[in-house]
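Summary of the model geometry
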Amino acid sequence: MTLRDVLKRGEAELSEAGVPEAECNAWYLFSRCFSLERSGYFLRQEEPAGEKECAEYSKLLALRRTRMPLEYILHETEFMGLTFSVDERVLIPRQDTEILAEELLKVCEGRDVLDLCTGSGCIGISLAVLGKCRSVLLSDISAGALEIAGRNADGNGAAVSMVQSDLFENIRGRFDIIVSNPPYIPSGQIASLMPEVRDYEPRTALDGHEDGLAFYRCIIKESRGFLRRNGILALEIGADQGQAVSSRMEQWGYHDIEIKKDLAGLDRIVWAVVKEEM
Ligand code: GLN
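Quick look at the structure, then. Nothing here was measured: the structure is a model prediction, and the numbers come from that model. (Residues numbered from 1 in each chain as written. Predicted model: local features only at pLDDT ≥ 70, side-chain atom pairs only at ≥ 80, totals over all residues. Heavy atoms only, no water.)

**Here's the deal with the overall build of the protein**
Counting its secondary structure elements, the protein contains twelve helices and nine strands. Compactness check: the protein gives a C-alpha radius of gyration of 21 Å against a globular reference of 19 Å for 278 residues, within 12% of the reference. For the C-alpha atoms alone, the extent of the protein along its principal axes is close to 70 × 40 × 35 Å. The buried share among the 278 residues of the protein stands at 53%. Long-range contacts, defined as pairs at least 24 residues apart, comprise 64% of the intrachain contacts of the protein with a sequence gap of at least 6. On the protein, roughly 13100 Å² of surface is accessible, and the fraction owed to carbon and sulfur atoms is 48%. Placing the 32 positive and 46 negative side-chain charges of the protein at their respective mean positions leaves the two points 3 Å apart. (Helix = DSSP H or I, 4+ residues; strand = E, 2+ residues; numbered from the N terminus. Rg over C-alpha atoms; globule rule 2.2 N^0.38 Å. Buried < 20%, exposed > 50% of the residue type's maximum accessible area, 1.4 Å probe, protein only. Contact = heavy atoms within 4.5 Å. Areas by Shrake-Rupley, 256 points an atom, 1.4 Å probe, with all protein chains shown as cover. Lys, Arg positive; Asp, Glu negative; His and termini not counted. Charge placed at Lys NZ, Arg CZ, Asp CG, Glu CD.)

**Side note on the environment of glutamate 210**
As for its position among the elements, glutamate 210 is in the loop between helix H10 (203-206) and helix H11 (214-223). In this structure, glutamate 210 is in contact with Pro186 and Ser187, ignoring residues within four places of it in sequence.

**Some details on the pairing of strand S6 (residues 175-180)**
Where burial is concerned, most of S6 is hidden: six out of the six residues are buried. Here S6 runs beside strand S7 (residues 227-236); their pairing, made up of five bridges, is parallel. By the bridge assignment for S7, phenylalanine 175 is matched with leucine 227. (Pairing = 2+ DSSP bridges.)

**Section: the sheet that holds S6**
Taking strand neighbours across the sheet as the criterion, the seven strands line up as S5-S4-S3-S6-S7-S9-S8 in an open arrangement whose pairing is mixed. Both outer strands of the open sheet, strand S5 (161-164) and strand S8 (255-261), are each paired with one neighbouring strand and no more. Neighbour-to-neighbour, the strand axes of this sheet turn through a mean angle of 15°, independent of strand direction. Where S7 lies against strand S9 (residues 267-274), six bridges are found, and the strand directions are antiparallel. Bridge pairing links glutamate 236 to isoleucine 269 in S9. (Axes fitted to C-alpha atoms, helices over the stretch in contact; angles between N-to-C directions.)

**Re the packing of helix H1 (residues 3-16) against helix H4 (residues 51-65)**
At a minimum axis distance of 10 Å, the contact between H1 and H4 shows a crossing angle of 15°. The pairing of H1 with H4 is recorded here as roughly parallel in orientation. Note that H1 runs across H4; the crossing there is right-handed. Only Cys54, Tyr57, Ser58, Leu61, Arg64 and Arg65 of H4 make contact with H1, whose side of the interface consists of Val6, Leu7, Arg9, Gly10, Glu13 and Leu14. Looking at the contact of H1 with H4 residue by residue, the classes come out as six nonpolar, two polar and four charged. (Parallel < 35°, antiparallel > 145°, perpendicular 65-115°, else oblique. Left-handed = near helix turned anticlockwise from the far one by under 90°. Nonpolar A, V, L, I, M, F, W, Y, C, P; charged D, E, K, R; others polar.)

**Points about the packing of aromatic side chains**
Under the defined criterion, the tally for this structure stands at ten aromatic pairs. Pairing phenylalanine 168 with phenylalanine 226 gives two aromatic rings, centres 4.5 Å apart and planes at 20°, and the pair type is stacked. A residue pair is termed long-range when its members are at least 10 positions apart, and phenylalanine 168 in the loop between S5 and S6 and phenylalanine 226 in the loop between H11 and S7 qualify at 58 residues. Here the aromatic cluster, defined as three or more aromatic residues joined through ring pairs, consists of Trp27, Phe30, Phe34, Tyr41, Phe42 and Tyr57. We note arginine 38 situated over the ring of tryptophan 27; from NZ or CZ to the ring centre the distance is 4.0 Å. (Phe/Tyr/Trp six-rings, centres within 6.5 Å; stacked < 30°, edge-to-face > 60°. Lys NZ or Arg CZ within 6 Å of the ring centre and 35° of its normal.)

**What to know about the site of the ligand**
Taken together, the neighbourhood of the ligand is formed by Leu91, Thr97, Cys117, Thr118, Gly119, Cys122, Ile123, Asn181, Pro182, Pro183 and Ala205. A distance of 2.8 Å is found between an oxygen atom of the ligand and a side-chain nitrogen or oxygen belonging to asparagine 181. Take alanine 205: an N or O atom from its main chain is 3.0 Å from a nitrogen atom of the ligand. Taken together, the residues of the shell around the ligand break down into seven nonpolar, four polar and no charged. (Near = heavy atom within 4 Å. Polar contact = N/O pair within 3.5 Å; in protein donor to acceptor, adjacent residues only side chain to side chain.)

**Quick word on the pairing of S5**
Bridging between strand S4 (residues 135-140) and S5 involves four bridges; their strand directions are parallel. Bridge pairing in S5 places leucine 137 opposite serine 161. Following the chain from S4 across helix H8 (residues 143-155) to the adjacent parallel S5, one finds a crossover that is right-handed. (Right-handed = clockwise from strand over helix to strand, strands pointing away.)

**Remarks on H11**
Burial in H11 covers these residues: Phe215, Tyr216, Ile219, Ile220 and Ser223. Each buried residue of H11 sits inside an arc of 120° when the element is viewed along its axis, so together they form one side. Lining the buried residues of H11 we find strand S3 (112-116), S6, S7 and helix H12 (242-251). (Arc of directions from axis to C-beta.)

**Describing the side chain of asparagine 25**
The residue asparagine 25 is located in helix H2 (residues 22-34) in this model. There is a polar contact of 3.3 Å between the side chain of asparagine 25 and the backbone oxygen of proline 20. A polar contact is formed between the side chain of asparagine 25 and the backbone oxygen of glutamate 21, at a distance of 2.7 Å. In this structure, asparagine 25 is in contact with Leu14, Val19, Pro20, Arg64 and Leu70, ignoring residues within four places of it in sequence.

So, in structure tokens, the structure goes:
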């Protein structure tokens, strides 16, 4: 079989299995197995495909047919133009979250930043690499997540510290910015998520308990004790959680509360300031 035949067969296999964006998925797996970029492929598509590469390709296609996310199969993804290692111990960084990182890049110079529920470390590491923060601390309850975050910090040359902590349990000191993209899916909705998310992403990174707001309640209340004067709390939220999260911030004495939208025009971030240390 030629390289072209093999790629076409991969596309057909994934589309028959109902995998979304089958062509594009088949290409990424193909590109990995045959170490080919688009230009190399076009030059060589009529050449015979190597047996070893074909076997590897079949293996990866079979994984994707089970709806394992492409990023877990390839063990990496991109966020803010940086490469992040991922596996099933961390949530796959989402493009929507780049908005949060971009907004924080505008204000993080010279600041001490805490990234709570850091997962792969994508937010904090992007700020450390692309911004001029004074310090960045990554925390997560999961030792597995911190292992990945550490690998990502090293891979991107990011100077960060890390601590294993159930929310603020092991956090000490004060910060200028606390950022978090905590689990926020209501437990009852998890079963209806797409199989890639439902069956493969870590439940602890998704499940925001009965109404999806459990982590926000804790983070909004506790952050006041960890923010300096004029400190910022920046949270990613689900599209329908803007009101609930911002009114809770108001209740707890935060100022300048803002809801920011993502590229799809959906509420995605709630942001607020503490005027005085509390
Ligand atoms: N902070 C990480 C991210 O944005 C992980 C989020 C999570 O596990 N809920 O991808």
